[in-house]
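Single-letter residue listing:
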Amino acid sequence: MKNGSRLAALGGVVVAGALALTACGSDNNTTASSSSAPKGDIDCAKASVNAAGSSAQKNAVEEWTKLYASKCAGANLNYNPNGSGAGIQAFTSGQVAFAGSDSSLKPEEAAAAQKRCQGSNALNLPMVVGPIAVVYNLKGTDGLKVSSETLAGIFSGKIKKWNDPAIAKENEGAKLPSSDIKPIYRSDESGTTDNFTNYLHTTAPKIWTWEKAKKWPNSTGEGAPKSDGVSSQVKSTDGAISYVEMSFAKNNGLQNAHVKNGAGEYAELSPDSASKAIAGAQVTGTGNDVALKIDYSTKEPGAYPIVLVTYEIACEKGLPAEQAKFVKSFLTYTSSADGQKILTSQGYAPLPQSVLTKVQTSVKALS
């Protein structure tokens, strides 16, 4: 991969996405404030680089790309939001300079990534906090309250009607219809699914008996591809319920539920309530790796419990010089105060300072 031919070939796959980044910006067509663009001296990398992976961070990457390019003429990131699993595969096979993943690398993925990095480690660098909204389409029922046990019952097929006693008990006074619940899940391999199933398995293991997985583990409901597909399916299906990142719920005007946390509160979804959950995450990575273990049973007051962190998977060393310079420069911006500032307006939550400081140190070590 020392010449540009392989990257050029991949660019044919993602060129439409790259043009969309330049022409359209984010899904909600908001114009980001120039105050979020990189300030002061920045070691710009004038190159065209390919990346792929998490669709959860799509809106954030679009905005970052636009703002970075406004400061760094000649810089272009072609990001293909083809899902975490596909992104990691593209990274380990040397097709992209870095990948976005809603889960840290598994041992077998880390081993493949180390080969791709010429024997160096691939780092898990948290960059985006993406609260997972429990979205639904039920006219006349706003502010639905659900616990992990109820969600496990719904997505395992044990709770089938909207007026089921388990739902009614958590929503006293609400007018719940007797219609069927129509679960929708991600049909492609997804870090969002990995996090959502991990949440169910961790907090309601007696009901949700499947292990966490990037691929949806049962046949309950109907599948839809990627975050855009799930959002569209929920929006067009009466009685639907699903899980999708807050940014997609916000941009599509979807109803989202209040979810019971470990303190017994039904927490409302917001950037602030999501950051509270991440602040208590445990760093499990070593050295410059910042892999996190999220506490889905958090008792932090006001914390929204279903959150994911999107990692940028990057070689600590071992990339061709042009790519290495771009990746370090771009991630230096995204992990800066200016870069993190744009996340709230795009439907995400910024990294809490305790985590962000570790990420900034790791990005400085890239070479």
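Residues numbered from 1 in each chain as written. Predicted model: local features only at pLDDT ≥ 70, side-chain atom pairs only at ≥ 80, totals over all residues. Heavy atoms only, no water.

Asks: Outline the pattern of salt bridges, supporting the account with residue identities and numerical values.
Replies: Pairing of side chains with opposite charge becomes possible as their charged atoms draw close. Counting across every chain of the model gives nine salt bridges. Linking Lys-214 and Glu-109 is a salt bridge whose minimum nitrogen-to-oxygen distance equals 3.2 Å. In this pair, Lys-214 sits in the loop between α7 (191-203) and β7 (222-224) while Glu-109 sits in helix α4 (residues 107-116), placing the two residues 105 residues apart along the sequence. On the accessibility criterion, Lys-214 (5% relative accessible area) is buried. The partner of Lys-212 in a salt bridge is Asp-194, with the nearest N and O atoms 3.9 Å apart. Linking Lys-212 in the loop between α7 and β7 with Asp-194 in helix α7, this pair joins segments that are 18 residues apart in sequence. A relative accessible area of 3% means that Asp-194 is categorised as buried. (Salt bridge = Lys/Arg side-chain N within 4 Å of Asp/Glu carboxyl O. Helix = DSSP H or I, 4+ residues; strand = E, 2+ residues; numbered from the N terminus. Buried < 20%, exposed > 50% of the residue type's maximum accessible area, 1.4 Å probe, protein only.)

Asks: So what's going on with the pairing of strand β4 (residues 122-136)? Which residues, and what values?
Replies: In summary, the side chains of a regular strand alternate between the two faces of the sheet. Among the 15 residues of β4, 15 are classified as buried, and the element is accordingly described as predominantly covered. Relative to strand β14 (residues 307-315), β4 runs antiparallel, the two sharing nine bridges. Bridged to Val-128 within β14 is Thr-310. Across five bridges, the pairing between β4 and strand β8 (residues 240-245) is antiparallel. Opposite Ile-132, over in β8, you have Glu-245 as the bridge partner. (Pairing = 2+ DSSP bridges.)

Asks: Give me the UniProt feature "binding site: phosphate" (unreviewed entry) in the chain: which residues, what numbers.
Replies: In the numbering used here, UniProt assigns the feature "binding site: phosphate" (unreviewed entry) to Ser-54, Ser-55, Ala-56, Ser-84, Asp-102, Ser-190, Gly-191 and Thr-192. Maximum C-alpha separation among the annotated residues is 9.2 Å over a sequence range of 139 residues, consistent with a single clustered spot. Annotated residues from the preceding list that form part of the lining of the largest pocket: these are Asp-102. Mapped onto the elements, Ser-55 comes out in the loop between β1 (48-53) and α2 (58-71). In this structure Ser-55 comes out as buried when scored by relative accessible area, which is 5%. In this view, Ser-55 contacts Pro-81, Gly-83, Arg-186, Lys-226, Ser-227 and Phe-248; residues no more than four positions away in its chain are not counted. With respect to the element layout, Ala-56 can be found in the loop between β1 and α2. For Ala-56, a relative accessible area of 2% translates into the label buried. In this view, Ala-56 contacts Asp-102, Thr-192, Ser-227, Glu-245, Ser-247, Phe-248, Thr-310 and Tyr-348; residues no more than four positions away in its chain are not counted. (UniProt positions renumbered as here; feature names shortened; annotations may be inferred. 1 Å grid on protein atoms, 1.4 Å probe; cavity = no way out; pocket = protein on both sides within 12 Å on 5 of 7 lines; lining within 4 Å. Contact = heavy atoms within 4.5 Å.)

Asks: I'd love a proper account of helix α8 (residues 226-236), names of residues and values included.
Replies: For an α-helix, 3.6 residues make a turn, and residues three or four places apart therefore share a direction. Taken residue by residue, α8 has Ser-227, Gly-229, Val-230, Ser-231 and Val-234 as its buried positions. Summarising the contacts, the buried residues of α8 are in contact with β4, β6 (182-186), β7, β8 and α9 (246-251).

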